[in-house]
Amino acid sequence: MSKMNGKRRGRLPRIEVVDLFCGIGGLSYGMKSRGFHIVAGYDLDWTCKFAYEANNDADFVYKDVREVTAKEILDRYSHKSIKVLAGCAPCQPFSSYAFKNKKKDPIKYNLLYEFGRLVKDVKPDIVTMENVPAIRAFRLKSILDDFVQILNDEGYVVDYRIVYCPNYGIPQTRKRLVLLASKLGNISLLPYTHNKDNYVTVRQVIGDLDPLKAGEVSPTDPLHRCAALGELNMKRMLATPYGGSWRDWPEELRLECHKKVGGQSFGSVYGRMKWEEPGPTMTTQCTGIGNGRFGHPDQNRAISIREAALLQTFPLNYKFFENEKEVSITKASRYIGNAVPPRLGEVIAESIIQHIKTHK
């Protein structure tokens, strides 16, 4: 392999990735688009298999991470590659909603420890993890601290930070904790590529799509379909001005929960997006107007699957279903909301590439 110095910039070593909690492959796809070799993805949602394999040219393994062994992961890496172990443990246990839910699932809280177990046994060159910022909160910080301690004890240099996604050209106000760890030396994310003067906006991403009415499907794009609205919700949609929400409705259209003190804080529910700003965080219910600011800026409907996917930075050619004539809006929303934005996967991959150029 040629040397990477001065005027001779040699090739990078082969970089291989195993992606735990892979879902439909947003993180894997972002890394693959930067030249990484995705060798396998593991997830307990078997319905993700088609999308993961079709878009990432990698095996999807339907398996509980608690049953995954270091040997089976090591057997997938080639001998001289840079080995990356990636994981986005399900974020629902660490969300603000989980704090209010008294029936917490201890198994989900332990998934990050399972990731740590595999790091200790596999000893990859580089580790990356993405999760919600709330994992840094006081009541959960011990879980993150324990994971970082595992990495430190194994000789990794660790860096993690809260990422505001518009700063990397992702057109939604998503915030995520991104962790990078390496045995090669200091590692960190790339500097921001955008600022508030050039954030990617809703108009730039979905402004050219065919107009739809509630419940319609585009004749040219089976994923550009949106949920139907009942008579009452259509009245609410018509009463919601540009950039507005339920707060703008007449009293007779408001839900009882919004009239209570506890409901006053959910100001974006039934809201419309603004063309000139990034969209809201895409969630697993992002195609329903009652679940957040998911109303189209000026069409009387919730955003379509295609619009949600584009705001999550999935490309137009990403395959979500083997038969796109039989598309479940509910299932597609869950896939998209649970995914790591592919663009964030690209940023993580570029950060790793720069790190390898410096230290390898």
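Computed from a predicted model, the values in this text were never measured in an experiment.

Peer 1: How do you make sense of the overall build of the protein when you look at a structure like this?
Peer 2: Counting secondary structure elements, the protein contains 13 helices and seven strands. For the protein, the residues scored as buried account for 51% of the 360 residues in total. Element-wise, carbon and sulfur atoms account for 50% of the exposed surface of the protein, whose accessible area totals about 17,100 Å².

Peer 1: Would you mind going over helix 2 (residues 49–56) with me for this structure?
Peer 2: Residues separated by three or four positions in an α-helix point in the same direction, a consequence of the helix having 3.6 residues per turn. All buried positions along helix 2 are accounted for by Ala51, Tyr52, Asn55 and Asn56. Down the axis of helix 2, the sector holding all buried residues measures 100°, keeping them to one side. The positive-phi residue at the C-terminal boundary of helix 2 is Asp57, with phi of around 50°.

Peer 1: When you look at the side chain of Ser182 in this model, what are you seeing that I'm missing?
Peer 2: With respect to the element layout, Ser182 can be found in strand 7 (residues 175–182). A polar contact of 2.9 Å, which involves the side chain of Ser182, links it to the backbone nitrogen of Leu184. Here His355 takes part through its side chain, which lies 2.6 Å from a polar atom of the side chain of Ser182. Setting aside its immediate chain neighbours within four residues, Ser182 contacts Asp125, Ile126, Gly155, Tyr156, Val157, Ile187 and His355.

Peer 1: I tried to follow the environment of Pro13 on my own but got confused; where do I start?
Peer 2: Mapped onto the secondary structure, Pro13 falls in the segment before strand 1 (15–20). You can call Pro13 buried: its relative accessible area is 12%.

Peer 1: I'm lost on the nonpolar core in this one. Help?
Peer 2: Nonpolar side chains tend toward joint burial in soluble globular proteins. Within the largest apolar cluster, 58 residues are counted, with the highest numbers of intra-cluster contacts made by Met31, Phe36, Phe320, Ile348 and Ile352. No other element matches the seven residues that helix 13 (residues 342–359) contributes to this core. Sequence-distant contacts of Ile352, that is, excluding residues within four places in its chain, are made with Met31, Phe36, Val84, Ile126, Leu180 and Ile187. Counting 32 residues, the second-largest nonpolar core is a separate cluster that includes Tyr77, Phe115, Ile135 and Leu179.

Peer 1: How do you make sense of the confidence of the model for the protein when you look at a structure like this?
Peer 2: For residues with low pLDDT, the predicted coordinates do not support detailed interpretation. Mean pLDDT over the protein stands at 90; residues scoring 70 or higher make up 88%. Under a pLDDT of 50 for its full length, residues 1–9 has, in the predicted model, 16 contacts with residues more than four places off or in other chains. Confidence drops under pLDDT 50 across residues 93–107; counting only partners more than four residues distant or on other chains, this segment forms 22 contacts.

Parameters at a glance
Residues numbered from 1 in each chain as written. Predicted model: local features only at pLDDT ≥ 70, side-chain atom pairs only at ≥ 80, totals over all residues. Heavy atoms only, no water. Helix = DSSP H or I, 4+ residues; strand = E, 2+ residues; numbered from the N terminus. Buried < 20%, exposed > 50% of the residue type's maximum accessible area, 1.4 Å probe, protein only. Areas by Shrake-Rupley, 256 points an atom, 1.4 Å probe, with all protein chains shown as cover. Arc of directions from axis to C-beta. Polar contact = N/O pair within 3.5 Å; in protein donor to acceptor, adjacent residues only side chain to side chain. Contact = heavy atoms within 4.5 Å. Core = buried A, V, L, I, M, F, W, Y, C linked by side-chain atoms within 4.5 Å. pLDDT = per-residue confidence, 0-100.

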